[in-house]
Amino acid sequence: MWKYMSKDKCNEFLISLNLFDCNDNNKYIKTLYSISNRVWKYYRVYKIKKRNGNYRTIYEPNKLLKHIQRNILTNILNNKEISKFAKAYHKGISLKDNAIPHVNKEVILKLDIIDFFENIRFIDVYESCFSIEYYPKQVGMLLTYLCTYDDHLTQGSPTSAYISNLVMKEFDEQLGNWCTSNNISYTRYSDDMTFSGNFSPNKIISKVRKMLYKLHLKINNNKIHVIYKNHNQSVTGITVNEKVQVNSKYRKNIRQEVYYIKKYGLESHLDKRNNKISKKKYINKLYGKILHVLNINNSDVEFKKYKEYIYKLKKTI
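These numbers come from a predicted model, not from an experiment.

(A) Main features of the pairing of strand β2 (residues 55–61). Sheet topology places strand β1 (residues 43–49) next to β2; seven bridges connect them, and they run antiparallel. The residue bridging K49 from the neighbouring strand is Y55, located in β2. Counting the residues between successive antiparallel strands, the hairpin from β1 to β2 contains five residues, one of them, G53, with a positive phi of roughly 95°.

(B) Geometry of helix α2 (residues 25–37). Here α2 is 13 residues long and its end C-alpha atoms lie 18 Å apart, about the 18 Å a rise of 1.5 Å per residue gives. Residues of α2 that are buried include every one of Y28, I29, T31, L32, I35 and S36, and no others. Seen from one end, α2 has its buried residues packed into an arc of 160°, which puts them on one side. When the buried face of α2 is taken as reference, the exposed residues oriented beyond 90 degrees from it are N26, K27 and K30. Elements in contact with the buried residues of α2: α1 (7–17), α3 (63–75) and α6 (137–146).

(C) Structural detail: the sheet that holds strand β6 (residues 225–228). Judged by pairing direction, the sheet is antiparallel, and its four strands sit side by side in the order β4-β5-β3-β6 without closing on themselves. Each end of this open sheet is capped by a strand with a single partner; those strands are β4 (185–189) and β6. Averaged over all neighbouring strand pairs, the angle between strand axes comes to 15°, with direction disregarded. When strand β3 (residues 107–112) meets β6, the two strands line up antiparallel, connected through four bridges. Paired with I108 across the bridge in β6 is I227. Against the sheet, helix α8 (residues 169–181) contacts β4 and β5 (192–197), and its axis sits at roughly 155° relative to β4. Across the sheet, helix α9 (residues 201–213) lies against β3, β5 and β6, angled at about 25° from β3, the strand it touches most.

(D) Summary view of α1. All of the buried residues in α1 are C10, N11, F13, L14 and L17. Looking down the long axis of α1, one finds its buried residues gathered within 155° of arc, a one-sided arrangement. In α1, the exposed positions angled more than 90 degrees off the buried face are occupied by D8 and S16. Those residues of α1 that are buried lie in contact with α2, α3 and α6. Looking one or two residues past α1, N18 carries a phi angle of roughly 50°, positive in sign.

So, how was this worked out
Residues numbered from 1 in each chain as written. Predicted model: local features only at pLDDT ≥ 70, side-chain atom pairs only at ≥ 80, totals over all residues. Heavy atoms only, no water. Pairing = 2+ DSSP bridges. Helix = DSSP H or I, 4+ residues; strand = E, 2+ residues; numbered from the N terminus. Expected span 1.5 Å × (residues − 1). Buried < 20%, exposed > 50% of the residue type's maximum accessible area, 1.4 Å probe, protein only. Arc of directions from axis to C-beta. Contact = heavy atoms within 4.5 Å. Axes fitted to C-alpha atoms, helices over the stretch in contact; angles between N-to-C directions.

This is the structure:
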């Protein structure tokens with residue numbers, strides 16, 4: 001139905017999307033095309049250091065483009081269904097949801113996709129999100145330009161995460177259904193894929209390589225992890241050997257923090273740490289960590305007591 005739509009009708013369609021506030025329709029249309037034609041001018045590009053010493057490139061859209069992208073996310077993309085095997089970037093889904101399918105399994109295989117966002121191309125975004133099946137071609141192409149940078153998705157744009165789920169939807173469904181038929185649990189949290197059950201890891205790795213190749217994506221060979229049941233099995237930071245639980249190191253650090261606060265008092269504890277953070281900010285951060293533990297395992301009696309203690313302390317600051 002979109003094939004024979006005139007330019008004026010396409011512009012009317014764009015106006016109906018209400019991507020940003022503007023009372024002048026001509027100015028609205030002109031602004032959208034101006035941004036899409038020179039989208040690189042509307043980003044601040046910088047690098048941040050990762051824990052492994054390498055750098056991650058961040059593409060931060062300016063205020064107007066970020067506002068437009070958020071409206072695209074809210075009014076257009078969020079209405080599109082993602083795969084049930086995708087466990088990130090969707091309302092109501094948490095790290096816990098990504099971990100639960102892998103509890104108490106013989107083998108866990110974890111795979112990582114190299115430069116995930118940067119290798120999702122313009123054409124992938126267009127075909128998965130804005131193709132002529134959904135929008136007039138002129139409109140779909142413009143929306144794709146507004147959500148990409150130099151022919152790829154970016155880390156930093158509000159739309160990128162959800163778009164990645166839509167691009168990967170067919171991949172997730174095909175791989176997930178194959179795994180289900182072979183009694184294997186599969187989830188994907190952004191660029192992290194997790195498999196669990198009783199299987200040959202090499203068979204899955206080979207299959208995933210072939211499937212990713214069709215999307216111009218690759219497995220990071222340095223991040224292939226096979227974890228057997230007699231070792232600490234964790235999925236996106238959550239231990240899953242017998243039940244879902246935040247890993248022991250994270251819990252131990254919180255336990256120490258609470259112990260020292262009780263022993264020395266909050267101010268003395270912060271002085272001993274030589275920490276210049278304000279008391280309020282420190283307590284709020286610690287309280288958030290405790291809530292995270294309880295969100296993963298709400299029956300943890302020890303951390304319920306910590307929550308009650310820190311909450312009372314919060315009210316005195």
